[in-house]
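Commentary on secondary and tertiary structure
So you can see what is in the structure, the chains are spelled out below.
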Amino acid sequence: MKIGICDDNTSELEQYLLFLNQLGYNNIYIFHSGEELIEKMPALDLLFLDIEMDNMSGIQVKNILEEKRKNTYIVFYTTHMETMPEGFGANVLGFLGKPVTLNELELYINKTSIKLEQNYPVRLDNNTYISSDDILYIKSEHNYTLLYKTGGLYIPVRKTLDKWTEELSSHVFVPVHRSYIVNMYNTSYIEHSSLVLVNGQKLNISRRMSARVKKTFENFQLRLFNSQ
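In short, a report on the structure.

Calculation rules
- Numbering of residues starts from 1 in each chain and follows the order in which that chain's sequence is written.
- Local features are withheld for residues below a pLDDT of 70 in this predicted model, meaning they are given only at 70 or higher, and side-chain atom pairs are given and counted only at 80 or more; totals for whole chains, interfaces and linings count all residues.
- Water and hydrogen atoms play no part in the side-chain values, which are based on all heavy atoms of the structure.
- One bridge is not enough; two strands pair if DSSP finds at least two bridges between them.
- Helix and strand definitions here come from DSSP, where helices need a minimum of 4 consecutive H or I residues and strands a minimum of 2 consecutive E residues; each element is numbered from the N-terminal end.
- The method works on a 1 Å grid over the protein atoms by themselves. A cavity is a set of points holding a 1.4 Å probe that cannot get out, a pocket is an open set with protein on both sides within 12 Å along at least five of seven lines, and residues with an atom within 4 Å of a point line them.
- Grid points are joined across faces, edges and corners, and a volume is the space filled by probe spheres set on the points.
- Residue polarity follows a fixed list, in which Ala, Val, Leu, Ile, Met, Phe, Trp, Tyr, Cys and Pro are nonpolar, Asp, Glu, Lys and Arg are charged, and the others, Gly among them, are polar.
- Helix axes use the C-alpha atoms of the stretch in contact, all axes being lines fitted to C-alpha atoms, and the angles between their N-to-C directions lie in the range 0 to 180 degrees.
- Convention used here: angles under 35 degrees read as roughly parallel, angles over 145 as roughly antiparallel, angles from 65 to 115 as roughly perpendicular, and any remaining angle as oblique.
- The contact definition used throughout considers only heavy atoms, calling two residues in contact when any of these lie within 4.5 Å.
- Each residue after the first adds 1.5 Å to the expected span of a helix.
- For each residue, the accessible area found with a 1.4 Å probe, counting protein chains only, is set against the maximum for its type, and the residue is called buried under 20%, exposed over 50%, and partly exposed in between.
- As used here, the arc is the angular range of directions from the helix axis to the C-beta atoms.

**A short note on the pairing of strand β9 (residues 144-149)**
Note that strand β8 (residues 135-141) and β9 share six bridges and pair antiparallel. Paired with Y137 across the strands is Y148, a residue of β9. In terms of strand pairing, β9 meets strand β10 (residues 154-157) through four bridges, oriented antiparallel. Residue pairing for β10: T145 is matched across the bridge by V157. Hairpin connection, β9 to β10: the antiparallel pair is bridged by four residues, and G152 has positive phi, about 105°.

This is how it looks when you write it as structure tokens:
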């Protein structure tokens, strides 16, 4: 994950850096002003952004990033929580009051990790991609597979189910039957020997895979709960 910190207060910036290092992140992008960040415009996954900076404020930086770097998630931090309404945006995950704690940083890193998993691009062929969030499940049709979408349609792809299983994240797209793999983010619950998807459709879980699928689903839901 590419993480950035933008703050014109050196002591606060160093505290953030220390916390992120303690969490195991060492390749951090540091910006001492909004102007420096906008000039370099790196492709970041997550940006911790101070609202109250001289010259270019965090709000102004956010407005530019919404146009130029739509895939960067932002977490604001501030001593003046009354500025929060101006900071809302499609990619703003939340707000932190100063001083920030290590646990708060870890929570937003986990949230970002989940966001990235939910929406990563899945390649159908050399020139076509689909967001993983649009896929309910993938079903085998001999040398082809059918990608069933959340909107009810499906896409035929000349790729085997084994190849999909190899390419896709093992804890997001999970084999539940020899004929299909399911997107855990688009699964609501388990009912007896079936997975119930977000559209209400039920898919049978094979007896051989039942125990592993149920355990995987429980761990997945626990991870989502802990990130809230």
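Now, onward.
**Some details on the layout of surface pockets**
Looking at the largest pocket, its volume works out to about 180 Å³. Residues that form the lining of the largest pocket fall into these classes: five nonpolar, three polar and three charged.

**Let's talk about the packing of helix α5 (residues 102-118) against helix α7 (residues 210-226)**
Where α5 contacts α7, the two axes come as close as 9 Å, and the packing angle between them is 130°. Here α5 is positioned oblique relative to α7, judged by the angle of their axes. Of the residues in α7, those in contact with L107, S113, I114 and E117 of α5 are R223, L224 and N226. Here the contact of α5 with α7 is built from residues that sort into three nonpolar, two polar and two charged.

**A closer look at helix α1 (residues 10-22)**
Between its first and last C-alpha atoms α1 spans 18 Å; for 13 residues at 1.5 Å apiece the expected length is 18 Å, and the two agree. All of the buried residues in α1 are L13, Y16, F19 and L20. The arc that holds every buried residue of α1, seen down its axis, measures 125°, which confines them to one face. On its buried side, α1 packs onto β1 (3-6), β2 (28-31), β3 (46-50), β4 (73-78), β5 (92-97) and α5. Following α1 by one or two positions, G24 has its phi on the positive side, about 95°.

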